[in-house]
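The lines below spell out each chain.
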Amino acid sequence: EDVEASESACYGVRLYRADRLTLRRVRIRHIAAGVQVHQGGAGSRFEDVTIEDADRMVVDNETTYNGGNAFQFYKSTGPIDVIRPVLSRLRAKRTNGKFDGGAFELFASDRVYVQDAIIRDAINVVETGRNPTDPDCRGFTMTGSMIYGRPLTAGNASSEVTATNGLFLRSAIDFDVV
C-alpha cells in the first residue's frame with residue numbers, strides 16, 4: 001500500500017504466474033506498462049491504482065510492438081478485479097513515428113472486472129487479441145467508468161492512432177461495458 005514506482009524502462013508491477021496479489025493505493029509513472037499480469041492472476045485485486053505517462057515501449061520492432069499500456073493481461077486467468085483506477089496519458093511513440101498504448105490490453109485472457117475507472121488520453125480504452133492457437137478473451141466487464149479521449153482533429157489526422165479509440169476487440173466473448 002501507498003507505494004510509488006517511477007521511471008522504469010519496462011513494468012511498474014509485473015506478476016508472472018502469480019495469483020492472489022492485492023495492490024492498493026499505488027502510483028506508477030513513466031513506464032512502458034503499468035501492471036502486467038502474465039499467466040495466472042486468479043484472485044488478484046488492484047484497488048485505487050494510479051498509472052500516468054505510460055510513455056515507453058516494451059518491444060518495438062517491425063513485426064512486434066507493445067507499450068504505453070496501463071494494464072496488460074497476457075494469458076491471465078481471473079477473476080481479476082481492478083477497482084477505481086485512475087489512468088492517464090497512455091501513449092508511447094514507436095520508432096516508426098506512430099503511437100501505441102491503452103488502458104486495458106487483454107491477450108488470450110479471461111475474467112477481468114473493471115469498476116469505476118477514470119481514463120484520460122489513451123490510444124485504446126480496451127484492446128484484445130490472441131494467437132491462432134490461443135483461447136479467446138472471455139468475460140471482461142467494465143462498469144461505472146468515465147473515459148475522456150483525445151478527438152481526431154485536422155491537426156492530428158495524419159497519424160493513424162493519435163485520437164482515442166474506444167474498444168478494439170478481436171476474439172472477444174462475453175464482454176460487458178455498462
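See the structure printed just above.
The rules behind the values
Residues numbered from 1 in each chain as written. Predicted model: local features only at pLDDT ≥ 70, side-chain atom pairs only at ≥ 80, totals over all residues. Heavy atoms only, no water. Pairing = 2+ DSSP bridges. Helix = DSSP H or I, 4+ residues; strand = E, 2+ residues; numbered from the N terminus. Axes fitted to C-alpha atoms, helices over the stretch in contact; angles between N-to-C directions. Buried < 20%, exposed > 50% of the residue type's maximum accessible area, 1.4 Å probe, protein only.

**Remarks on the sheet that holds strand β7 (residues 50-52)**
The parallel open sheet is built from 6 strands, whose spatial order is β1-β4-β7-β11-β16-β19. Edge positions in the open sheet fall to β1 (3-6) and β19 (146-148), since each of these has one partner strand only. Going from strand to strand, the sheet's axes swing by 10 degrees on average, the running direction of each strand aside. Sheet analysis places β7 next to strand β11 (residues 86-90), joined by 3 bridges and oriented parallel. Considered in β11, the bridge of isoleucine 51 is made with leucine 87.

**Some details on the pairing of strand β4 (residues 26-29)**
Only one face of β4 is buried, namely the one carrying Val26 and Ile28, since none of Arg27 and Arg29 on the opposite face is buried. Sheet topology note: the β1/β4 ladder contains 4 bridges and is parallel. Within β4, the residue paired with valine 3 across the bridge is valine 26. Bridge count between β4 and β7: 3 bridges; the pairing is parallel. When the sheet's bridge partners are listed, arginine 29 is paired in β7 with glutamate 52.

Read these as layout, nothing more, since geometry by itself doesn't imply function.
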